[in-house]
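Topology and contacts: notes
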Amino acid sequence: MDEDLFRYYLNEIEGIDFENMWVARENGKIKAVLCSWDENVYKRYRIFTIPLGIKMLLLVLRFLSVFMKMPAYIREGESLQQKTLVLMAHDQSIEALSSLVRHVNNIHLGSAYTVLQTHFHKDDDMIMAQKGLFGFKVEIEAYMMTSDPELAKKIAKIPGPVLFEWPNFI
């Protein structure tokens, strides 16, 4: 990502701003970065029904929330409050990125948010940054369409897997 694209994200996409950026440093050197983005302005997942087994589990989690920080309670008919970790990068330090992911996760436990999500290509080593956290994997197949042939050529030249984050779809 170049500076122009970064500035575009900061200026044009609601919720992507310096207040939601996290930086890990070691001896003054930046080792990892990420943005904790509330994208509910652009998309929402609404819960229509909750099966009985999940309701029972939610009751247990609600009880546990008295003693420890837990994600926000899920209610039928309401949208999940979610944060998406985007604009992630590291300087040869998955450990620093993992530290940031855990830090943001811990900050959002006990808050209004139910879901903290990431988007990784299945072959991307950065997926290890969420190792040890509770979660589940959803595979998404995405395609890019553009009327800008130069953009298509630029993306086609990128070696390895191409990661499209949600800001790229807005």
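All of the points below concern the structure found in this document. (Residues numbered from 1 in each chain as written. Predicted model: local features only at pLDDT ≥ 70, side-chain atom pairs only at ≥ 80, totals over all residues. Heavy atoms only, no water.)

So, about unusual backbone geometry. Of note in the backbone geometry, Asn27 takes a positive phi value of approximately 55° without being a glycine. Along the chain, Asn27 falls in the loop between strand E1 (21-26) and strand E2 (29-37). Backbone geometry at Leu87 places phi at a positive 55°, although glycine is not the residue there. Note that Leu87 resides in strand E3 (residues 82-90). Judged by relative accessible area, which is 8%, Leu87 ranks as buried. (Helix = DSSP H or I, 4+ residues; strand = E, 2+ residues; numbered from the N terminus. Buried < 20%, exposed > 50% of the residue type's maximum accessible area, 1.4 Å probe, protein only.)

The next point concerns the packing of aromatic side chains. Scanning the entire structure with this criterion turns up 4 aromatic pairs. Ring centres 6.4 Å apart and planes at 55° place the aromatic pair Tyr8 and Tyr9 in the tilted group. Since its relative accessible area comes to 44%, Tyr8 is described here as partly exposed. (Phe/Tyr/Trp six-rings, centres within 6.5 Å; stacked < 30°, edge-to-face > 60°.)

Once that is clear, we can look at the nonpolar core. Counting residues in each nonpolar core, the largest one holds 13 residues, and the members touching the most others are Ala32, Leu34, Leu85, Met88 and Leu97. Here this core gets 5 residues from one element, more than from any other, and that element is helix H3 (residues 94-108). Apart from the residues lying within four places of it in its own chain, the contact partners of Leu34 are Asn20, Met21, Trp22, Leu85, Val86, Leu87, Met88, Leu97, Leu100, Val101 and Val104. (Core = buried A, V, L, I, M, F, W, Y, C linked by side-chain atoms within 4.5 Å. Contact = heavy atoms within 4.5 Å.)

There is a patch of nonpolar side chains on the surface, built from Ile54, Leu57, Val60 and Leu61 and spanning about 310 Å² of accessible area. Positionally, Leu57 belongs in helix H2 (residues 52-64). Using a relative accessible area of 46% as the deciding quantity, one classes Leu57 as partly exposed. (Patch = residues over 30% accessible without salt bridge, like charges linked within 9 Å, V, L, I, M, F, W, Y side chains within 5 Å. Areas by Shrake-Rupley, 256 points an atom, 1.4 Å probe, with all protein chains shown as cover. Salt bridge = Lys/Arg side-chain N within 4 Å of Asp/Glu carboxyl O.)

Right, let's get into the pattern of salt bridges. Tallied over the entire structure, the rule returns 5 salt bridges. For Lys153, the salt bridge goes to Glu150, with nearest N and O atoms at 3.6 Å. You can see Lys153 and its partner Glu150 sitting in helix H4 (residues 149-156), 3 residues apart, about one turn around the helix. Of the residues examined, Lys153 reaches a relative accessible area of 47% and is grouped as partly exposed. Look at Glu150 and you get exposed, because its relative accessible area is 52%.

All right, on to H3 then. With 15 residues, H3 should reach 21 Å at 1.5 Å per residue; the first-to-last C-alpha distance of 21 Å fits that figure. Considered for burial, the residues of H3 that qualify are Ala96, Leu97, Ser98, Leu100, Val101, Val104, Asn105 and His108. At its buried positions, H3 is contacted by E1, E2, E3 and strand E4 (115-118). Once H3 finishes, Gly110 follows within two positions and takes phi at roughly 80°, a positive value. (Expected span 1.5 Å × (residues − 1).)

What the 4 strands build is an open sheet, ordered E1-E2-E3-E4; its pairing is mixed. The open sheet has two edge strands with one neighbour each: E1 and E4. For this sheet, the mean angle separating the axes of adjacent strands, direction not counted, is 25°. As defined by bridge partners, E3 adjoins E4 across 4 bridges and the pair is classed as parallel. Following the sheet pairing, Gln82 is matched in E4 by Val115. (Pairing = 2+ DSSP bridges. Axes fitted to C-alpha atoms, helices over the stretch in contact; angles between N-to-C directions.)

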